[in-house]
Every structure is written in C-alpha cells, then in structure tokens.
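# Examining the three-dimensional arrangement
Below, each chain spelled out in residue letters.
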Amino acid sequence: MDWQTPEDTVPSAFITEANRRALRGTPPVTGAWREGDDPGDRLFANLGPLELESGARLPHVRLAYETWGELNADASNAVLVCHALTGDSHLAGRAGRGHPTAGWWGGIVGPGLAIDSDRFFVVAPNMLGGCQGSTGPSSFSPDGTEWGSRFPYLTVRDQVAAQRMLADALGIERFFAVIGGSMGGMHALEWAATHPERVARLAVLAAPAISSADQIALNSVQLEAIRMDPAFRGGDYYDEAEGPYRGLALARRMALLNYRSPDELNERFERSWQGVLDPLGQGGRFAVESYLDFHGNKFTRRFDANSYVRLVEAMTSHDVSRGRGSLADALGRVTATSLVLGIDTDRLFPVEQQQAIAAHLPSTIHGSEAVVISSPFGHDAFLIEDDLVGPHLAALLAS
C-alpha cells in the first residue's frame, strides 16, 4: 500500500491513463496499517493509559515511531519532528518493506542535511489517533475489536501528551529542537507552550496559533463528506465488505484544493482535458478534475476514515491560548529559541497567522516578523521547497 503522500512532496502533475488503471477496483475497507502488516522501520512504544482533556480515558496508548542517528550519552541531541495531518513516522529513508514510498522529508533529514542525522537523534512518531501503527480508531480496543466509533475525541494537547510519554520512555528530558509543519506545527507550538522547560529550540512551519473560523469551516465540510457516506455507518465499518471510500476521497479532494495555490493549478492544468473526450457535454473531464479524483482515490488506499475524522477534529481544537489568557500570554510562556516560517501562497494557513506567532514569541532567530518564503506551491511548499526551507532550519539548529 502507498502509506506516504508523494503528491504532497512534488509539484502537481497530469494523471496518465496508466496511473488511472493502477487504481482500478474498490479500495480496501481501511488503508490503515494493521497488526500483522510488515512494520518496516517502525518501532513501537507501549506507553500505558492516558487521561484525555474531554474526561475520557484511553486504557492503553501505543505510538509507532522511527528514529535516525544516535542518542548521545546525556540525551541532549534529540530532535522531535511532528508530521502533518496525513503524514506518518516515515520521515526519511528509502521505499522498501513496510514503506512502499520514500520518506516525506528526505531532502531535509539525513546525514549532512539541514536536520543532520550525523549530529542529531531524530524522532518522528505517528500521532495519537493516526492509522499507521499508533493507537487510533482502527486499532484494537481492550475487547479485541477495533475502536471504531467508540474512539474518543482528541485534542492537539492530548496528542502532545502522548508524545511526552514517548519522550519519557526514550529517556529524553529536553529536546534540542521540536519541529513541525502544518498540523505538526500545531504540535510543536503546543509542546513549547505546555512544556517550555523541555524544548530548547522550536520551529513552526506553515501553521497557526489558533484554528480560525475559516479553517474550522473547511474542516467541517470535509467531515460531513465522510459522515454522509452510507458506508461510514457511524464509524463502525471494519467488518463490512465496503468502507466509506467515497466520502473519504471527497474529503481528500476538498483538502487538496487548500494545499496548493491557485497559480500552480492554473499554470499546471489550465483548461486542458484528460484524454480525448471533450468535457463540454461529451463525457470528458478537465485535467484538474482527474488530478483531484486520482489523488482522492489513492488516498483511500493508505488512510482510515475514522482517523481522518478524529485528526481533523483535533486540528479544529487547536488554540494555544485556550485557558492561558491572551495569545501574547500563551506565547510568552515559550522559552525556546524559535523559527516561524510562512509561505506567501498558503491559502490554508495564511502568512498573517505565522506573523501573529512571531510577534509574540520572546526569542526568535529572525526578529518579530516571520520568515516568509516565496513559492508557487502553496501550503505544501514546506514539504516541496527543500532548498528554501532547509537553510532556515539549519540556522535554527546552529543557534
């Protein structure tokens, strides 16, 4: 299965007929990693129970994670990298058993790269609620069946609490740096505000301090697309012959529109057709429609609908100032030396949101304004533009 998201780490491209044929047939009920699947490079930490902000309790939490480099004697060289909504622990490395595609940040993490694995011990966990080895709706509950609809509501703070438990299990008292982009940037910022004594350096890439009403609205229609699929069955579909792949694919297509910029889509596809059939009443499709359909279909083969619901809900929960006074008060708690980076074409989390973070962090490497890179690729530029993002991360880690 295609666990990773190469469509997020390369420019948009036309879909060939060979691409389309490769995904014929009904997708599986879930694209989650399941017990008995090849673990690849995944490691697993069994962390015990976790009390959630909602008052619910997970009796047992497991996080899947991967590491690069070696932890030094005093555990002072650890770097935590938090993935985005549909990423996972395969941050870097080749495709192979358990990992049919290469890591999603292979141009950033590795020997001699911006996050240098010859210098640092890099840890990348699959977030709580995910579907690539960590405890989530598709994993087994204590009664031996999938959690499904019973899996509790999660917040970003709950997910950070699970990551803290992993750090404790690995013997890491203080991270040299915590780094994240998009939803991972929410985690990184929450780490620095909740556990300032445990984060020496912080990088927040293309992420907000607070999920805005506009973003909550975008999230809500994606969730409704999944819940309206009759095959979703309220979240209890694992024993059925067919899963909610139509609703999940539609949610993914909606999301992709916010991950890329209008300029990239317009320049890449224009009004070109897919194949030879005219889309103006002759049964054909525009190339951009085919692009969205293909990647929506592909996504259903590597992700789980229930996980998507719980993770998007967690994104909606994000507000680093919740219960902490003003945004200035909340960010004033952060003691880490910080990097805040935005993308000029990001329509999911616009640059104004990174500027709000940078204005209130006590110590940044770039002053009170965020670093802004210029890219045609929109939000996904933090995954694509290694040559633009890497030097800023290297500067933070050298500070």
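The written sequence of each chain sets the order in which its residues are numbered from 1. Per-residue local features are limited, in this predicted model, to residues with pLDDT of at least 70; the limit for side-chain atom pairs, both in listing and counting, is 80 or more; totals at the level of whole chains, interfaces and linings are taken over all residues. In computing side-chain properties, one takes all heavy atoms of the structure into account and sets aside hydrogens as well as water.

Glancing now at the pairing of strand β6 (residues 121-125). Think of it in three bands: residues with accessible area under 20% of the maximum for their type are buried, residues over 50% are exposed, and the middle band is partly exposed, with areas taken using a 1.4 Å probe on protein chains only. Secondary structure is summarised from DSSP: a helix means a run of H or I of at least four residues, a strand means a run of E of at least two, and numbering begins at the N terminus for each. The element β6 is largely enclosed, with a buried count of five among its five residues. Of the two faces of β6, the one holding Phe121, Val123 and Pro125 and the one holding Val122 and Ala124 are both buried throughout. As paired strands, strand β2 (residues 57-68) and β6 are joined by four bridges and run antiparallel to one another. In the sheet register, Thr67 faces β6, and the bridge partner there is Val123. Note: strand β3 (residues 78-82) against β6, three bridges, orientation parallel. Considered in β6, the bridge of Val79 is made with Val122. Two strands form a pair only when DSSP identifies at least two bridges running between them.

Moving on, we get to the environment of Phe120. Among the secondary structure elements, Phe120 is positioned in the loop between β5 (115-116) and β6. Sequence separation between Phe120 and Asn72 is 48 residues, and the spatial gap between their C-alpha atoms is 8.5 Å. Not counting chain neighbours up to four residues away, the residues in contact with Phe120 comprise Trp68, Gly69, Glu70, Asn77, Val79, Phe176 and Leu397. Contact definition: two residues touch when any of their heavy atoms are within 4.5 Å.

By definition, a salt bridge exists where a carboxyl oxygen of Asp or Glu is found within 4 Å of a side-chain nitrogen of Lys or Arg. Scanning all chains against the criterion turns up 14 salt bridges. Measuring nitrogen to oxygen at the nearest pair gives 3.0 Å for the salt bridge that ties Glu53 to Arg322. Taken together, the residues span a long stretch of sequence, with Glu53 in the loop between β1 (43-51) and β2 and Arg322 in the loop between α9 (305-317) and α10 (327-331) at a distance of 269 residues. The closest approach of N and O atoms between Glu313 and Arg227, which form a salt bridge, is 2.8 Å. Here Glu313 is found in helix α9, whereas its partner Arg227 is found in helix α5 (residues 213-227), with 86 residues between them in sequence. Accessibility expressed as a relative area gives 12% for Glu313, which makes it buried.

This part covers the pairing of β1. Pairing of β1 with β2, which is carried by seven bridges, proceeds in the antiparallel orientation. From the neighbouring strand, Leu43 faces β2, where its bridge partner is Tyr65. Remark: five residues form the turn of the hairpin made by β1 and β2, two consecutive strands paired antiparallel; Gly55 in that turn has positive phi of roughly 100 degrees.

All right, on to helix α4 (residues 183-194) then. How far a helix is expected to stretch is found by multiplying one less than its residue total by 1.5 Å. The terminal C-alpha atoms of α4, which comprises twelve residues, lie 16 Å apart, in line with the 16 Å expected from a rise of 1.5 Å per residue. Most of α4 is tucked away: eleven of the twelve residues are buried. Within the span of α4, buried status applies to Met183, Gly184, Gly185, Met186, His187, Ala188, Leu189, Glu190, Trp191, Ala192 and Ala193.

What follows covers the confidence of the model for the chain. Summary statistics for the chain give a mean pLDDT of 90 and a share of 89% for residues scoring 70 or more. The predictor attaches a confidence to each residue, called pLDDT, with possible values from 0 through 100. Long-range and interchain partners of residues 1-7, a stretch whose pLDDT sits below 50, account for 35 contacts in this model, where long-range means more than four residues apart.

A pair of Phe, Tyr and Trp rings is counted when the ring centres sit within 6.5 Å of each other, with Trp represented by its six-membered ring. The angle between the planes then sorts it: under 30 degrees is stacked, over 60 is edge-to-face, the rest tilted. All chains considered together, the criterion is met by ten aromatic pairs. Between the aromatic rings of Trp104 and Trp105, the centroid separation amounts to 5.5 Å while the plane-to-plane angle is 20 degrees, which identifies the pairing as stacked. For the pair formed by Trp104 and Trp105, the shared burial category is buried. On the numbers, 5.5 Å between centres and 90 degrees between planes, the contact of Phe175 with Trp191 is edge-to-face. Taken together, the residues Phe175 in the loop between α3 (156-170) and β7 (177-181) and Trp191 in helix α4 connect sequence positions 16 residues apart. Residue classification places Phe175 among the buried positions, given a relative accessible area of 3%. One aromatic cluster is present, built from ring pairs that chain together Phe232, Tyr237 and Tyr238. Over a ring means this: the NZ of a Lys or the CZ of an Arg is within 6 Å of the ring centre and within 35 degrees of the ring normal. Taking NZ or CZ as reference, Arg201 lies 3.9 Å from the ring centre of Phe176, over its face. When the ring centre of Phe299 is taken as reference, the NZ or CZ atom of Arg252 above it lies at 4.6 Å.

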